[in-house]
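Structure assessment
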Amino acid sequence: GTARPADLIIFGGTGDLAMRKLLPALYHSHRDGRLHADSRVIALSRGGLDDADYRGKVDAEVRPALSGGEGWDGFLRRLHHRTVDIAAPEGWQGVAGLLDGHEDRDRIFYLASPPMTFGAFCRGAREAGLVTPLSRVVLEKPLGRDLASAQAINDEVGAIFDESQIFRIDHYLGKETVQNLLVLRFANAFLEPIWNSLWIDHVQITVAETVGTPGRRGYYDQAGALRDMVQNHLLQLLCLVAMEPPSRNDREAVRDEKVKVLQSLRPIVGSEVDRFTVRGQYTAGRADGAEVPGYLDEPDKNQPTAESLRVETFAAVRAEVRNWRWAGVPFYLRSGKRLPARRSEIVVQFKDVPHAIFPGASPNRLVLRLQPSEGIHLRLMAKEPGAGEVVLRPVPLSLSFADTFSARVPDAYERLLMDVMSGNPTLFMRRDEVEAAWRWIDPIMDHWNGSGMLPEPYPAGTAGPAGAHELLARSDRAWHEED
Ligand code: BG6
C-alpha cells in the first residue's frame, strides 16, 4: 500500500464523475492494495445522505459496472458522506467532525464540481479550519471558460493553496498510451533525429466519440467541443508530441517544455479563424447502432436555448507550432461527438523519401492509438513477394499493448489519483500551461461568437462537417481513417 494514510474529500461526491470514474478508480486501488488501510473517502454533496445512504448508493450504482467485486465490502467501509452546501457554512461542521484529529494525514480535496465553485469551496474549507499543511487540492477541467475566468479561479484557489499543492487534472495525461508517447520518444534513439519538419509533413490528433450529450445540456451549452476537449485534452497531446526532450523526467522539467509549446502556438485571429478552424453540430442520425436525435433534441431537463443553437459538438483546428523544430508543419486537431467510431489517435505523417527509385511508394506514417485497442502502428513500404516486377506495398509494423503486456490497463483516473496521493504533479497542468492554452483558444472563441454564423450541421454517425474534410483537402491532405 501507499506509505501514508490519506483522507480524500470529493466535492461533487454524488455526481457523474465521482460515480463513473473516481469511485471505480479508488475501488481498483483498494483491491490492488495501493490504499493505506486507514485511508478514507469522504464524499460531499448537498444530498443530505448519511454514510449508510451513500454506501447504499455506491453499492447500487457503481458496483454493477465493475467486473468482480473482491474486497468490495472493505471498500464501502472507507466511504463517508457529509452534506455541504458552499452557500451555507453550517455544513462544514460535519466535515470537520470527521477530519479533526487527523491533521497528520495527507488531506486531498478533489473538486469534481463546476469551476465557478472552486474559489468558494476553498474559502469555505479554509474558514472551517480544514486546510492543513499536508492538504492538496485537485481541480477538474475545464478550468474556467476563457483566460480571464481561468485567471480569476487560479487567483482564488491560489489565495488558499500554494501552487505546489494544486493539482489541475487532465485525465488524458493519465492514459497509458499517452505516457507511452514520452517513453517512445525519449527512451528510443531512432525517432528523435527525424522528429522534425525535415522529415514530418504534418501531425493529426483525433479524439472521436460516438456518444452524444444526453442529459449534459446544462454543461455542454456553456462549453462546446473547443472548451471541453481541444483546450485541454488535444492541446496536451499536442504538447507531448511537439515538446523538446526534457533534461529529466521530473515535474518542472516536463511541464517547462510543455508550456513552451503552448507559448509557441501561432495565434489564430480574426478572419484566419474562418480559414483554420471548423465547427459542427450533430443532427439526427444513426450512432452506436441506433437512431439518435440531434443535439438540439437530446433529452434533457433543460430546454434548448439560443446558446444551444450556437454550440459546437465538433471542432477542428489547423495549428502551428512556431519554433525551429516545427516550422511549417501543420498540426490538425479534431474532436467531436456522435462520430462513426470511438477512436483517439495521434498520426505522424512523414514526408516522401527524398529521392524515389521505386514507383508507388507512399510515405511512412506512425499512428499512436490511444483508444480503443491501445497500440503503435508504423506504416512501412515493403516489396510484395514475387519474381516479376518490383511491386511495393504498405505494410504495418504493429505493437498492440494488449497482446504484448498481460497486465490490466488501469484507467487514467487510477493512475492520477495515486499520483495526487503520493504528491507527484508531473502529469498535472501547471497554472501557466492552462493559461497559455486559454490565451490561444480565446481569439478563436471570440471570432466564433462574434460572427453570426452557426456551426455546420452533420448527421450523427458521419465523419463531421464537410469543412473538416476541406481543411486538409485544401493542402492535398486527408484525415487518417480506419485502415
Ligand atoms: C471529458 C469530456 O473530459 O472527456 C467529455 O468532458 C468526454 O465530454 C470525455 O466525453 C472523453 O474521455 P475518454 O477518456 O472517454 O476519452
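Residue positions are given per chain, counting from 1 as you read along its sequence in written order. Residue-level local features of this predicted model are given only where pLDDT is at least 70; pairs of side-chain atoms are given and counted only at 80 or more, and the full residue set underlies all totals for whole chains, interfaces and linings. Just so you know, side-chain values use all the structure's heavy atoms and leave hydrogens and water out.

Before going further, it helps to examine the sheet that holds strand β13 (residues 343–350). Note on pairing: DSSP must find at least two bridges between two strands before they are called paired. Secondary structure elements are taken from DSSP: a helix is a run of H or I of four residues or more, a strand is a run of E of two residues or more, and numbering for both begins at the N terminus. Read across the open sheet, the nine strands follow the order β16-β15-β14-β13-β7-β12-β11-β8-β17; overall the sheet is mixed. Whereas interior strands pair on both sides, the edge strands pair on one side only; in this sheet they are β16 (392–400) and β17 (456–459). Between one strand and the next, the sheet's axes are offset by a mean angle of 20°, whatever the strand orientation. Of the pairings in the sheet, the one linking strand β7 (residues 200–208) to β13 comprises eight bridges and is antiparallel in character. Bridging from a neighbouring strand, V207 pairs with S344 of β13. Orientation is described by axes fitted as lines to C-alpha atoms, over the contacting stretch for helices, and by angles from 0 to 180 degrees between their N-to-C directions.

Further remarks concern the site of the ligand. Every residue close to the ligand is listed here: K141, H171, Y172, K175, E209, R216, D228, M229, H233, K337, R342 and Q371. Contact between the ligand and K141: an oxygen atom at 2.6 Å from a side-chain N or O atom of the residue. N or O atoms closer than or at 3.5 Å make up a polar contact, with two conditions inside protein: a donor-capable atom paired with an acceptor-capable one, and, for residues adjacent in sequence, both atoms drawn from side chains. Within the side chain of Y172, an N or O atom sits 2.4 Å from an oxygen atom of the ligand. Isolated, the ligand exposes 400 Å² of accessible area, and the fraction of that covered by the protein chains is 82%. Of the residues forming the shell around the ligand, the biggest block, three residues, is contributed by helix α8 (residues 217–242). Classifying every residue of the shell around the ligand gives two nonpolar, three polar and seven charged. Here, proximity means that at least one heavy atom of the residue falls within 4 Å of the molecule or strand. Surface exposure here means Shrake-Rupley accessible area, sampled with a 1.4 Å probe, where a residue is shielded only by the protein chains that are shown. Note on residue categories: nonpolar means Ala, Val, Leu, Ile, Met, Phe, Trp, Tyr, Cys or Pro, charged means Asp, Glu, Lys or Arg, and polar means any other residue, Gly included.

Looking now at the UniProt feature "binding site: substrate" (unreviewed entry) in the protein. When the UniProt feature table is mapped to this numbering, "binding site: substrate" (unreviewed entry) covers H171, K175, E209, D228 and K337. You can see K175 is positioned in the loop between β6 (166–168) and α7 (176–186). Note on definitions: a residue-residue contact is assigned when non-hydrogen atoms from the two residues lie within 4.5 Å. Here K175 is in contact with Q371 and A412, once residues within four sequence places are set aside. Take E209: it is sitting in the loop between β7 and α8. Setting aside residues no more than four positions away along its own chain, E209 makes contact with M229, G336, K337, R338, L339, A341 and R342. UniProt positions are given in the numbering used here, feature names are shortened, and annotations may be inferred rather than shown by experiment.

Together, I357, F358 and V390 make up an exposed nonpolar region whose accessible area comes to about 290 Å². Among the secondary structure elements, F358 is positioned in the loop between β13 and β14 (365–371). For patches, a residue must show more than 30% relative accessible area and have no salt bridge; joins then use 9 Å for like charges and 5 Å for nonpolar side chains, namely Val, Leu, Ile, Met, Phe, Trp and Tyr. The term salt bridge refers to a pairing of a side-chain nitrogen on Lys or Arg with a carboxyl oxygen on Asp or Glu at a separation within 4 Å.

All right, on to empty space enclosed by the protein then. Only protein atoms enter the 1 Å grid used here. Points where a 1.4 Å probe fits but cannot escape make up a cavity, open sets with protein on both sides within 12 Å along at least five of seven lines make up a pocket, and a residue lines them when an atom lies within 4 Å of a point. Grid points are joined across faces, edges and corners, and a volume is the space filled by probe spheres set on the points. Scanning the model with the defined rule gives one cavity of 30 Å³ or more in all. For the largest cavity, the calculated volume is near 30 Å³. Taken together, R266, I268, F276, R318, A319 and E320 form the lining of the largest cavity. No other element matches the three residues that strand β11 (residues 314–320) contributes to the lining of the largest cavity. Considering only residue class, the lining of the largest cavity consists of three nonpolar, no polar and three charged.

What follows covers the layout of surface pockets. Each pocket or cavity is described by its volume, and for the second largest pocket that value is around 550 Å³. Looking at the second largest pocket, it is lined by 29 residues, and the ones nearest its centre are F190, I194, F350, N364 and L378. By residue number, the principal contributor to the lining of the second largest pocket is β16, which donates four residues. Looking at the lining of the second largest pocket residue by residue, the classes come out as 21 nonpolar, six polar and two charged.

Summed over the entire model, instances satisfying the criterion amount to 41 salt bridges. Ionic pairing is found between K337 and D228, a salt bridge with its closest N-O pair at 3.8 Å. In this pair, K337 is assigned in the loop between β12 (330–336) and β13 and D228 in helix α8, connecting sequence segments 109 residues apart. Residue R408 is joined to E414 by a salt bridge in which the shortest nitrogen-to-oxygen separation is 2.8 Å. Burial classes follow relative accessibility: with a 1.4 Å probe on protein chains only, a residue under 20% of its type's maximum area counts as buried, one over 50% as exposed, and anything between as partly exposed. On the accessibility criterion, E414 (1% relative accessible area) is buried. Each of R31, D32, R34, R408 and E414 takes part in salt bridges that share partners, so that together they form one network.

To continue, consider the environment of F358. The exposure class of F358 is partly exposed, given its relative accessible area of 41%. Along the sequence, F358 and V390 sit 32 residues apart, while their C-alpha atoms lie 7.9 Å from each other. Beyond its immediate stretch of four places on either side in the chain, F358 contacts V390 and L392.

Take the packing of aromatic side chains next. Each aromatic pair joins two rings of Phe, Tyr and Trp (for Trp, the six-membered one) with centres within 6.5 Å, and gets the label stacked for planes under 30 degrees apart, edge-to-face for over 60, and tilted for any other angle. Going through the model one piece at a time under the given rule, you end up with 16 aromatic pairs. Ring centres 5.9 Å apart and planes at 65° place the aromatic pair F314 and Y458 in the edge-to-face group. Residue F314 is located in strand β11, and its partner Y458 is located in strand β17; the two are separated by 144 residues in the primary sequence. By relative accessible area, F314 is classed as buried at 0%. Note that K175 overlies the ring of Y172, its terminal NZ or CZ placed 4.5 Å from the centroid. We call a charge positioned above a ring when the Lys NZ or Arg CZ atom is no farther than 6 Å from the ring centre and deviates by at most 35 degrees from the ring normal.

Contact geometry of helix α9 (residues 251–264) with helix α14 (residues 431–450) gives a least axis separation of 9 Å together with a crossing angle of 15°. Between α9 and α14, the crossing angle belongs to the class labelled roughly parallel. For the pair α9 and α14, the sense of crossing is left-handed. Listed contacts from α14 to R255, K258, V259, L262 and Q263 of α9 are D432, E433, A436 and A437. Of the residues that constitute the contact of α9 with α14, the class distribution is four nonpolar, one polar and four charged. Each angle is binned into one of four classes, with values under 35 degrees roughly parallel, values over 145 roughly antiparallel, values of 65 to 115 roughly perpendicular, and all other values oblique. It is the rotation of the near helix from the far one that decides the hand of a crossing: anticlockwise by less than a right angle makes it left-handed, clockwise makes it right-handed.

Time to look at the sheet that holds β6. As summarised here, the arrangement of the six strands in space is β3-β2-β1-β4-β5-β6, forming an open sheet in which the pairing is parallel. Edge positions in the open sheet fall to β3 (79–83) and β6, since each of these has one partner strand only. The mean angle between the axes of side-by-side strands here comes to 20°, regardless of whether they run parallel or antiparallel. For strand β4 (residues 106–111) and strand β5 (residues 135–139), the ladder comprises five bridges, and the chain directions are parallel. Looking at β5, one finds that F109 is bridged to V137. Packing of helix α4 (residues 92–99) onto the sheet brings it into contact with β1 (6–11), β2 (40–45), β3 and β4, and relative to β2 it is tilted by some 175°.

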